[in-house]
Amino acid sequence: MAASTAAGKQRIPKVAKVKNKAPAEVQITAEQLLREAKERELELLPPPPQQKITDEEELNDYKLRKRKTFEDNIRKNRTVISNWIKYAQWEESLKEIQRARSIYERALDVDYRNITLWLKYAEMEMKNRQVNHARNIWDRAITTLPRVNQFWYKYTYMEEMLGNIAGARQVFERWMEWQPEEQAWHSYINFELRYKEVDRARTIYERFVLVHPDVKNWIKYARFEEKHGYFAHARKVYERAVEFFGDEHMDEHLYVAFAKFEENQKEFERVRVIYKYALDRISKQEAQELFKNYTIFEKKFGDRRGIEDIIVSKRRFQYEEEVKANPHNYDAWFDYLRLVESDAEAETVREVYERAIANVPPIQEKRHWKRYIYLWVNYALYEELEAKDPERTRQVYQASLELIPHKKFTFAKMWLLYAQFEIRQKNLPFARRALGTSIGKCPKNKLFKGYIELELQLREFDRCRKLYEKFLEFGPENCTSWIKFAELETILGDIERARAIYELAISQPRLDMPEVWISFAQFELSSGKEGSLAKCRQIYEEANKTMRNCEEKEERLMLLESWRSFEDEFGTVSDKERVDKLMPEKVKKRRKVQADDGSDAGWEEYYDYIFPEDAANQPNLKLLAMAKLWKKQQQEKEAGEQDPDKDIAESESGPSCSC
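Computed from a prediction, not measured in an experiment: that's the story for all the values here. (Residues numbered from 1 in each chain as written. Predicted model: local features only at pLDDT ≥ 70, side-chain atom pairs only at ≥ 80, totals over all residues. Heavy atoms only, no water.)

1. A closer look at the overall build of the protein chain
Phase 1: Within the protein chain, the secondary structure is distributed over 34 helices and two strands.
Phase 2: Sequence separation of at least 24 residues holds for 47% of the intrachain contacts in the protein chain that already meet a minimum separation of 6.
Phase 3: If you sum the accessible surface of the protein chain, you get close to 42,100 Å²; carbon and sulfur atoms cover 50% of it. (Helix = DSSP H or I, 4+ residues; strand = E, 2+ residues; numbered from the N terminus. Contact = heavy atoms within 4.5 Å. Areas by Shrake-Rupley, 256 points an atom, 1.4 Å probe, with all protein chains shown as cover.)

Here it is, written out as structure tokens:
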């Protein structure tokens with residue numbers, strides 16, 4: 001009764017009610033729980049204690065436990081071959097070879113395609129000097145997996161190391177029946193050559209070139225015969241190769257090798273026949289190496305004229321095809337002309353030049369004419385230097401100058417080359433007429449400079465003056481021209497004319513560059529007259545006033561630096577201080593940068609110069625001065641705070657007084 005009452009009073013545990021039965025946002029899998037449990041194993045298990053086996057019973061017990069462990073691992077997953085190999089290697093370490101064999105055999109029943117398993121099995125037998133067992137394993141391996149070359153290599157190597165040459169040869173023969181890769185055939189050939197079996201190696205080569213009929217293999221076969229002194233056999237191999245490939249599958253490397261073989265045998269006529277036969281049948285694009293070797297051969301042993309004619313004709317055909325495909329391919333014309341100039345007659349060269357220059361660029365833009373105009377230059381140089389025909393050279397230059405559209409653009413080099421040619425022909429009036437015409441039709445700085453240089457070499461200084469005057473009329477903003485003109489007058493000793501040129505230059509409104517001013521000042525300084533220093537200083541002062549409105553502040557700074565260098569060398573202390581006060585402040589500024597499409601590309605920093613003389617910059621200079629003063633006060637204040645002992649000493653000593 002009491003028992004039933006107690007049972008009746010037993011309470012059933014309450015189940016917690018789940019209010020939200022929706023799935024959680026982050027789902028936790030069993031795999032994640034296992035991984036986290038593994039990661040949270042903070043305590044590392046200590047390694048098992050070393051066990052010393054003292055009697056046979058304990059050893060047998062150890063073996064039993066170990067084997068049970070291996071068998072359990074294998075039973076869990078039979079396909080993991082590494083477990084089988086570890087099991088067999090453990091048995092092998094205990095000298096239980098028979099058990100190890102049994103394990104390997106069981107593993108082969110599971111996966112007989114595993115290459116590592118066969119290798120480990122055979123290596124175990126070889127390591128324990130079980131030759132017949134190893135031979136049996138290799139035999140089974142190559143029968144089961146005949147396409148695994150590693151089995152064949154190791155099998156033949158084992159037989160050769162054992163001195164069983166006949167057995168190794170037999171294995172090689174079985175291997176070759178499967179028509180393996182090229183390296184396998186080379187291994188077989190090298191095996192026979194190690195034992196001086198040249199005839200056997202030849203037989204293998206005969207089979208090899210039929211199984212792998214590549215040109216390189218035929219060449220190797222022929223070189224093998226040549227190396228062992230069977231020259232007739234080598235020639236026969238080359239001839240058979242030529243016949244084997246025929247005209248449809250010709251390869252230049254075969255003929256090059258054949259020709260070099262005959263060259264080594266001093267059969268030069270045979271070499272020539274081989275090269276000509278190949279060049280007549282192989283396309284030009286595929287016979288570059290053949291051409292090269294044929295040329296080298298003829299240079300060494302043959303008639304140079306004959307081979308040059310052949311090569312030139314072949315290459316001319318190639319260039320003709322290129323210029324027909326694109327007549328405006330001027331690079332092809334240059335190559336073609338270079339070829340015919342090296343070999344052909346003058347009339348042939350002229351004919352090619354005339355055909356080339358007839359292809360005038362269709363667009364009158366200078367960038368399209370830059371390569372074309374060099375055809376005319378080369379044509380003129382050929383007529384002058386190679387053909388030695390001055391009259392035709394003059395005609396070429398004149399025709400080119402008539403062809404160029406000078407109203408749109410010109411080529412100063414053509415005018416100058418023509419003038420230099422006339423000078424070499426001692427026709428000075430023709431040269432001057434050409435350069436004068438060029439300046440009248442299309443004035444350019446390069447033409448003026450070239451003409452002036454010519455007259456300077458002839459010491460025609462009056463003509464140089466006239467040319468400089470025209471040059472300055474054409475380009476008064478070119479400061480170099482003014483300087484060179486003044487330097488010329490200085491060299492000629494006409495100081496007054498040089499000074500007048502400088503004064504005229506600095507009066508030009510468009511000439512706001514400091515180079516002329518600096519050159520003018522140096523000219524006055526080098527004159528050596530009394531008061532030259534004062535004149536030089538006066539020029540610097542005038543230049544500084546003139547360039548106050550110059551937008552290029554670097555050029556204005558360059559002038560002041562030149563002035564300061566002058567004062568450092570010749571001025572007094574007050575003069576130096578005066579120039580120093582004119583030097584600008586270098587400040588870093590920022591400005592907006594716009595991209596090519598006009599969008600905002602951010603800010604960039606740049607350096608600007610603030611000159612004290614500029615009235616607009618006075619507030620900026622005042623601000624800079626105040627900033628510098630504030631910075632100096634801050635530094636003095638920090639220095640005082642860092643030296644409290646000095647303040648204490650001053651306070652202890654008290655104020656000084658005079659009685």
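2. Quick word on the packing of helix α10 (residues 182–194) against helix α11 (residues 198–211)
Phase 1: Interhelical geometry of α10 versus α11 gives an angle of 170° and a closest axis separation of 8 Å. In this view, α10 runs roughly antiparallel relative to α11, as classed from their interaxial angle. Across from E182, W185, H186, Y188, I189, E192 and L193 in α10, the residues of α11 making contact are V198, R200, A201, I204, Y205, R207, F208 and V211.
Phase 2: Classifying every residue of the contact of α10 with α11 by side-chain character gives 10 nonpolar, one polar and four charged. (Axes fitted to C-alpha atoms, helices over the stretch in contact; angles between N-to-C directions. Parallel < 35°, antiparallel > 145°, perpendicular 65-115°, else oblique. Nonpolar A, V, L, I, M, F, W, Y, C, P; charged D, E, K, R; others polar.)

3. Points about the pattern of salt bridges
Phase 1: Per the counting criterion, the structure on display carries 32 salt bridges.
Phase 2: Among the ionic pairs, E91 bridges to R67, the shortest N-O distance being 2.8 Å. A residue pair is termed long-range when its members are at least 10 positions apart, and E91 in helix α4 (residues 81–93) and R67 in helix α3 (residues 56–76) qualify at 24 residues.
Phase 3: For R106, the salt bridge identified is with E71, shortest N-O distance 3.1 Å. (Salt bridge = Lys/Arg side-chain N within 4 Å of Asp/Glu carboxyl O.)

4. Section: the side chain of R350
Phase 1: Position of R350 relative to the elements: it lies in helix α19 (residues 346–357).
Phase 2: We classify R350 as buried; its relative accessible area is 11%.
Phase 3: If we skip the residues at most four places from it in the chain, R350 touches Y379, E383, A387, D389 and R392. (Buried < 20%, exposed > 50% of the residue type's maximum accessible area, 1.4 Å probe, protein only.)

5. A closer look at the nonpolar core
Phase 1: Core analysis: the largest hydrophobic core is formed by 78 residues, its most contacted members being F151, Y238, L254, Y255 and L290.
Phase 2: A per-element tally of this core places helix α14 (residues 252–264) first, with seven residues.
Phase 3: Once residues lying within four places of it in the same chain are set aside, the contact partners of Y238 are I219, A222, R223, L254, A257, F258 and F261. (Core = buried A, V, L, I, M, F, W, Y, C linked by side-chain atoms within 4.5 Å.)

6. Details of the packing of aromatic side chains
Phase 1: All told, the structure shown has 29 aromatic pairs when counted by the stated rule.
Phase 2: With a centroid separation of 5.2 Å and an interplanar angle of 35°, the aromatic rings of F172 and F191 are classed as tilted. One end of the pair, F172, is in helix α9 (residues 165–176); the other, F191, is in helix α10, and 19 residues separate them in sequence.
Phase 3: Judged by relative accessible area, F172 falls into the buried class, the value being 4%.
Phase 4: Here Y275 and F297 contribute two aromatic rings whose centre-to-centre distance is 6.2 Å and whose plane-to-plane angle is 40°, an arrangement assigned as tilted. Taken together, the residues span a long stretch of sequence, with Y275 in helix α15 (residues 268–281) and F297 in helix α16 (residues 288–301) at a distance of 22 residues. (Phe/Tyr/Trp six-rings, centres within 6.5 Å; stacked < 30°, edge-to-face > 60°.)

7. Here we look at the confidence of the model for the protein chain
Phase 1: A residue-level look at the protein chain finds 64% of positions with pLDDT of 70 or above and a mean pLDDT of 76.
Phase 2: Taken together, the stretch residues 1–8 has pLDDT below 50 and engages in zero contacts with residues farther than four places along the chain or on a different chain.
Phase 3: Low pLDDT, under 50, characterises residues 644–659; the predicted model gives this stretch one contact beyond four residues in sequence or across chains. (pLDDT = per-residue confidence, 0-100.)

8. Topic: the packing of α3 against α4
Phase 1: At a minimum axis distance of 9 Å, the contact between α3 and α4 shows a crossing angle of 165°. One element, α3, and the other, α4, form an angle in the roughly antiparallel class. Here the hand of the crossing between α3 and α4 comes out left-handed. On the side of α3, the interface is formed by Y62, K63, K66, R67, F70, E71, N73 and I74, while α4 contributes N83, W84, K86, Y87, W90 and E91. (Left-handed = near helix turned anticlockwise from the far one by under 90°.)

9. Here we look at the environment of A387
Phase 1: With respect to the element layout, A387 can be found in the loop between α21 (373–386) and α22 (390–403).
Phase 2: On a C-alpha basis, the gap between A387 and V349 in space is 9.9 Å, while along the polypeptide they are 38 residues apart.
Phase 3: Each residue touching A387, except ones within four places of it in the same chain, is listed here: R350 and Y382.

10. Quick notes on the environment of K220
Phase 1: In this structure, K220 sits in helix α12 (residues 215–227).
Phase 2: A relative accessible area of 35% means that K220 is categorised as partly exposed.
Phase 3: As a C-alpha pair, K220 and A234 span 14 residues in sequence and 10.0 Å in three-dimensional space.
Phase 4: For K220, the contacting residues outside a window of four places in its chain are H186 and Y205.
Phase 5: Of note is the side chain of K220, whose polar atom sits 3.5 Å from the side chain of H186. (Polar contact = N/O pair within 3.5 Å; in protein donor to acceptor, adjacent residues only side chain to side chain.)

11. Remarks on the environment of Q179
Phase 1: By the secondary structure assignment, Q179 is in the loop between α9 and α10.
Phase 2: Residues Q179 and R147, 32 residues apart in the sequence, show an inter-C-alpha distance of 9.7 Å.
Phase 3: Setting aside residues up to four positions removed in sequence, Q179 forms contacts with R147, W185 and V211.

12. Some points on unusual backbone geometry
Phase 1: A positive phi angle is found at R129, which is not glycine, with a value near 60°.
Phase 2: Tracing the backbone through its elements, the reader meets R129 in the loop between α6 (115–127) and α7 (131–144).
Phase 3: Relative accessible area serves as the criterion here: at 75%, R129 is assigned to the exposed category.
Phase 4: Its identity as a non-glycine residue notwithstanding, K196 has a phi of 60°, on the positive side.

13. Topic: α22
Phase 1: Over its 14 residues, α22 extends 20 Å from the first C-alpha to the last, a length consistent with the 20 Å expected when each residue adds 1.5 Å.
Phase 2: Buried within α22 are the following residues: T393, R394, V396, Y397, S400 and L401. Buried residues in α22, looked at end-on, bunch into an arc of 160°, giving them a common side. (Expected span 1.5 Å × (residues − 1). Arc of directions from axis to C-beta.)

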